[in-house]
Every structure is written in structure tokens, then in C-alpha cells.
2 protein chains.
Amino acid sequence: MASKAHPIPSVWARRQREPEQPALSREAIVREAIAMLDADGVDALSMRKLGARLNAGATSLYRHVATKDELMELAVDEVFGEIDLPAADSADWRAATTRAAQSFRTTTLNHPWLASVLGTAGLAYLGPNLMSFSERLAALFTSFGFPEPSRAIDTVLTFVIGISTSEAAWLTTVARSGETEAAFIARLMPAAQEAAAGHAVLAESYAAAAATAAATDPAEIRDSKFFYGLEVVLDGLALRLPH
Amino acid sequence: MASKAHPIPSVWARRQREPEQPALSREAIVREAIAMLDADGVDALSMRKLGARLNAGATSLYRHVATKDELMELAVDEVFGEIDLPAADSADWRAATTRAAQSFRTTTLNHPWLASVLGTAGLAYLGPNLMSFSERLAALFTSFGFPEPSRAIDTVLTFVIGISTSEAAWLTTVARSGETEAAFIARLMPAAQEAAAGHAVLAESYAAAAATAAATDPAEIRDSKFFYGLEVVLDGLALRLPH
DNA sequence: CGTCGATGCGCACACTGTACGCAGCACGGA
DNA sequence: TCCGTGCTGCGTACAGTGTGCGCATCGACG
């Protein structure tokens, strides 16, 4: 009864478009890619797996995205949209800068793969969110009255990038171990102290670190490092503000 | 005349060990891996290509190195050995810190792939060179009389890591383009200015940057950013030194 | 009805890291 | 002199990667 020569692909095989499927779109692809990156890190993202998550073949994605690198670029820009900066008329410049830095940091820690990408690609992207981020940052620091706002921005940003990538890399390592941060530290500490044997000053420093690590929440320790360093930078910048 | 049944592998095929070949060793592997990383970046290093460069098969390397990640770990530690730090009895703490920071920076810029690796793996390694680096850094800052030397170290290191990874990533992007830095900037600038359209403050900032970029050596601009930021950090730290 | 552009997909290619088992060697003991 | 015994290198193989290419399908428009 088969009217056509084609063996299987009949009318029945070709089911009509199911309505729940929002189809493949650049936004959906980027969104899902970010979800995968957040969940399992930068190595876990492959075009095939991403396609599978979207009920699509791997190569279908290439209709909407030129290359995997471009996809990463889009993901980075998307994430930059999450950073929120204080308005440019903030009265207290230190508080405002601290809030901005904190927002950058927490965004990076929410998406630790950012650190890997920034290490290879940098901030040379020109996506809309990154541009708007830069604009608001420029407006903010200009409103503070810095004579060379872009230098002040660069300095703060450099510090914040440095601490964010360090922390993100650390948290990635911890995550790969499958343990909690505290447990991982407890397991690492003996090895570190052994490696520090023969290094007098370092050994003492590690011993002190081990003591406080045992008594304090690791996240709290990281916070305090962040705020200490940021205060140093802000103190240095304060000297460059008029009056 | 063939006395054995084996077809080809005769005494003649099995040539005796050639003397020039230094054999495969962990040191040689790491050295060659670093050379490849320096030359062509982190994506260009594959076990097969590395093996080929050593006149060896890919899997032979695994006799000396457990995994590619471990190889990278060894490479990172090796490179940390290149950073040289001032002696702990330096009189001028600002000059000494600046020299140390500079050394870290130039080492990173000589091995830009470091930025990618630090972004994924961080400084959690415990290699001998890294330990010795930490030790000398700790001794240095302790000798300056900082009440909390490790916090001062972290702050400086954070800034230096931030600027080094940013610069390294940038230079990697430039290198991939195959152009000189100046040419790449000249080509990028119009796109950046177009992307900044609609962002008033940013557009102005870009215009100023474009003007100086056209008149100044890019490396000099990067240097000045580095020194400006470092001075800010040092000023901030100075407030925390006794007297 | 015919055509066309956009979309998704299967296949294929070159390449990756690395597990496994075999072949040759140096060496120590019988 | 011969036989293990361990160490080193290699060939093969497997599962997985990014992506170029050409075909099938489909909605829209003439």
C-alpha cells in the first residue's frame, strides 16, 4: 500500500511541529550554553551536548552562531549584563565603587568559567552589554571628579579582575574535587605544609593560615581579602582626588 | 638467507641507540612543551605534536607525565622559576616591590598562555618553584615591616595578576590576528568607536584614547597603565606601614 | 501551483587525550 | 651463559571534539 518508494520517511514519521518547542534561536542557544557552563564548567560545554539539550543536532546550532568562539563571546557579553552599577550621582564614591566591585566579583563567582575565558580572550569584545557596562563605569567615575577617570577605572578593574579570576579558579578547583570548600582546604593543608617545609617564613605563614582556616568560614576569609585589597586601592585613589 | 621467520624486523632494522638523542625525560618534555606554548599558544599544544617534536610517539610521553594537565602544572611551575625577586634586605620597599611586580609581569608576557592556565587552575599548585617564589615574597614583605605581610602580598599579587592576565589575553588576541599591535589597534578602533555610538561618556573616552594611541607606542601605553595602578596600590599600602 | 530562502540534520573529516598490550633493552642473579 | 624482571617507547584503538557540506523540509510569496 505504500504509495512512494521511500522506505520509512512517511507522513507518519514526519510529525508536525510540536508547539511547546520554542524553536532554535540565538538567545535560547546562548541561555542554554550559560546554564551548561555554570553547571559543569568550560570543559563540559560541547556543541553536541548543547544541541542535545535543545533537542537539536549539533550542527543545527551553526545556523545561529558562526563558531563556538563566537558563542562564548555572546555568553560573556550576556553575563556582563548581570553586573549592576550604582547610578552616576552617588554621593559616597567609596561606597559606590565598593558596590560596583562587589557586583563584578559576585557575577564572576556565579559564572566561574568567565575567568578562563577572560584569560584567553580578554575584554576586547564589543558586545552591547560590555559597552553599556563601560559607559556606566565611565560616567560613574567621571562624576566622582577624578582628573583621569579612565586610569582610576583601569586600576580598580585590574584589581577586581585579579581577585575574581583567582577566586573563580580556586572555586573551580574545589568544585572539581567534589568536596565542600572547607573539606578541600582541610585535605590540602597538610600537603601544603609539607611542601613548605624548608621554607621558614612561608611555613609560619601557612601555620597561621591553617589556624584561622580551621576556625572561620572560607567564604568569609575570601571576603575579607577582597575588602582589604579594595580598601588599599581606594586609599591610593583617594590621594588622586581633588581637595 | 633470512634465518628468522619474522618478515622485516631484522637486525638491520633495529638500529642501535643513536647518541645525539638525549632520550625522553620529564625535563625535556616540559622544556619542549613550554617552547610550543610560547610559540603558538595553549591551543597549539597537543600530545601528538609535542611527541613529534621530540622524535617520539604521543603515548610515549605518558611514561614521564601522568596526564596533560599534570604537564601543564609542571610547565607553570617551571615558568615561575623565571620570576626573580629582590633580596629581603632591600632598603627601598617601593622600589623592591616594583621590581618584583615588573618581573612577574614580564614573565607572564613572555609566556602569555600562563593567563589561560591561571584562569582555570589558579595558584593552588604546590610545585617547588612556586613554593620558593612564595617564600621569597613572604620574606621580602616581612622585612619591610608590614604588620600583616600576607595581606600586603595578596593585594599586590592580585593587582599584578589582574594586569598580567589582561595584558596577556590582549597580546594573545593581537598575535592571533597576525598583525602588529599598532596595526591591530588601528583596525579595531573604528569598530570600537562605532560600538560606542550612543554612549556619550565612553565615546569621548575612546576618542581621546584613539588620539594618544595614534601617537604613542602601544607597549608604552601599557607600561604607563601598569605603573599608574601599581603606584596607587603602593600608596594605599604605605598608609599601613608603621611610622 | 511553483519558487525561494531559511532552517534543521546526517555524514564525514581531521584531530584530540589517553588506556592497553606488545617489543626491545639493561641489568642482576643462578 | 641463560633467564627473569623491570623500564622505556610505540602502534592501535576508542570515545569524543569542532565544523564543512549537501540534502530534506517548511512557511511565505509570486
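Computed from a prediction, not measured in an experiment: that's the story for all the values here.

Reading the values: rules and limits
Residues numbered from 1 in each chain as written. Chains lettered and ligands numbered in written order. Predicted model: local features only at pLDDT ≥ 70, side-chain atom pairs only at ≥ 80, totals over all residues. Helix = DSSP H or I, 4+ residues; strand = E, 2+ residues; numbered from the N terminus. Rg over C-alpha atoms; globule rule 2.2 N^0.38 Å. Near = placed C-beta within 6 Å. Nonpolar A, V, L, I, M, F, W, Y, C, P; charged D, E, K, R; others polar. Contact = placed C-beta atoms within 7 Å. Axes fitted to C-alpha atoms, helices over the stretch in contact; angles between N-to-C directions. Parallel < 35°, antiparallel > 145°, perpendicular 65-115°, else oblique. Buried ≥ 20, exposed ≤ 12 C-beta atoms within 10 Å, placed from the backbone. Core = buried A, V, L, I, M, F, W, Y, C linked by C-beta atoms within 7 Å. Least-squares fit on C-alpha atoms with pLDDT ≥ 70 in both. Domains from an automatic or database assignment. Expected span 1.5 Å × (residues − 1). Arc of directions from axis to C-beta.

1. Points about the overall build of chain A
Helix and strand counts for chain A come out as 10 helices and 0 strands. Along its sequence from the N terminus, chain A presents helices and strands in the succession α-α-α-α-α-α-α-α-α-α. Against the compact-globule benchmark of 18 Å for 243 residues, chain A has a radius of gyration of 24 Å, which places it well outside the compact range. Seen through its C-alpha atoms, chain A measures out along the principal axes to roughly 90 × 50 × 25 Å.

2. Quick word on the protein's contact with DNA strand C
The environment of DNA strand C is made up of 19 residues, and the closest members are A:Leu24, A:Ala56, A:Thr59, B:Ser46 and B:Lys68. Residue contributions to the surface near DNA strand C peak at 3 residues, all from helix α2 (residues 47-53) of chain B. Classifying every residue of the surface near DNA strand C by side-chain character gives 7 nonpolar, 7 polar and 5 charged.

3. Overview of the interface of chain A and chain B
With 49 residues of chain A at the interface, the matching set in chain B holds 48 residues. Those elements that place two or more of their residues in the side of chain A that touches chain B are α5 (113-121), α6 (128-144), α7 (149-177), α8 (181-195), α9 (200-215) and α10 (218-238) of chain A. Counting residues per element, the side of chain A that touches chain B draws most heavily on α7(A), which supplies 15 residues. For the side of chain A that touches chain B, the residue count by class is 25 nonpolar, 19 polar and 5 charged.

4. Examining the packing of α7(A) against helix α7 (residues 149-177) of chain B
The geometry of α7(A) relative to α7(B) is characterised by a closest axis approach of 7 Å and an angle of 90 degrees between their N-to-C directions. If you check the angle between α7(A) and α7(B), you find them roughly perpendicular. Each of A:Thr158, A:Phe159, A:Ile161, A:Gly162, A:Ile163, A:Thr165 and A:Ser166 in α7(A) lies in contact with α7(B), whose residues at this interface are B:Thr158, B:Phe159, B:Ile161, B:Gly162, B:Ile163, B:Thr165 and B:Ser166. For the contact of α7(A) with α7(B), the residue count by class is 6 nonpolar, 8 polar and no charged.

5. Observations concerning unusual backbone geometry
The bulk of non-glycine residues show a negative phi, and the bulk of peptide bonds are trans. All names here are of chain A. Despite not being glycine, Asn55 shows a phi value in the positive range, around 55 degrees. Along the chain, Asn55 turns up in the loop between α2 (47-53) and α3 (68-80). Here Asn55 falls in the exposed class, since 10 other C-beta atoms lie within 10 Å of it.

6. Side note on the nonpolar core
Ranked by internal contacts, the top residues of the largest apolar core, which has 117 residues, are A:Ala75, A:Val233, B:Ala75 and B:Val233. Apart from residues no more than four positions distant in its own chain, A:Val233 is found in contact with A:Thr155, A:Val156, A:Phe159, B:Val232, B:Val233 and B:Gly236.

7. Considerations on the protein's contact with DNA strand D
Residues in close proximity to DNA strand D total 20 residues, the closest being A:Ser46, A:Lys68, B:Leu24, B:Ala56 and B:Thr59. With 3 residues, α2(A) is the single largest residue contributor to the surface near DNA strand D. Across the surface near DNA strand D, the residue classes tally to 7 nonpolar, 7 polar and 6 charged.

8. A few points about the relation of the copies chain A and chain B
The two copies are related by a screw motion: chain A maps onto chain B through a turn of 180 degrees and a shift of 0.0 Å along the axis, at an RMSD of 0.0 Å. What the rotation and shift describe, once combined, is the action of a two-fold rotation axis. Closest approach to the rotation axis among the C-alpha atoms of chain A is made by A:Gly162, whose C-alpha sits 1.8 Å away. Taken together, the interface assignments show that 98% of the residues at the interface of chain A recur at the interface of chain B, consistent with an identical surface on both copies.

9. Description of the packing of α5(A) against helix α5 (residues 113-121) of chain B
Their axes nearest at 8 Å, the elements α5(A) and α5(B) cross at an angle of 175 degrees. The pairing of α5(A) with α5(B) is recorded here as roughly antiparallel in orientation. Between α5(A) and α5(B), the residues in contact are A:Ala115, A:Ser116, A:Leu118, A:Gly119 and A:Thr120 and B:Ala115, B:Ser116, B:Leu118, B:Gly119 and B:Thr120, respectively. Of the residues contributing to the contact of α5(A) with α5(B), the split by class is 4 nonpolar, 6 polar and no charged.

10. A word on the domain arrangement of chain A
Residues and elements named next belong to chain A. We note that the domain assignment places domain 1 (11-80) and domain 2 (93-238) within chain A. Put simply, the parts of the chain that give the side of domain 1 that touches domain 2 at least two residues each are α1 (26-40) and α3. The greatest single-element share of the side of domain 1 that touches domain 2, amounting to 7 residues, is contributed by α3. Class assignment of the residues belonging to the side of domain 1 that touches domain 2 gives a composition of 6 nonpolar, 1 polar and 4 charged.

11. Quick word on the environment of A:Lys49
Residue and element names in this part refer to chain A. As for its position among the elements, Lys49 is in helix α2. The class for Lys49 is partly exposed, based on 15 C-beta atoms found within 10 Å. Considering only alpha carbons, one finds Lys49 and Ala87, 38 residues apart in sequence, at a separation of 40 Å.

12. Some words on helix α1 (residues 26-40) of chain B
All names here are of chain B. For α1, built from 15 residues, the straight-helix expectation of 21 Å at 1.5 Å per residue is met to within 8% by its first-to-last C-alpha distance of 21 Å. Ile29, Val30, Ala33 and Leu37 are the residues of α1 that are buried. Angularly, the buried residues of α1 cover 95 degrees about the axis, an arc narrow enough to put them on a single face. Of the exposed residues in α1, the ones pointing more than 90 degrees away from its buried face are Glu27 and Ala39. Buried residues in α1 make contact with α2, α3 (68-80) and α5. With its phi angle positive at about 85 degrees, Gly41 sits one or two positions after the end of α1.

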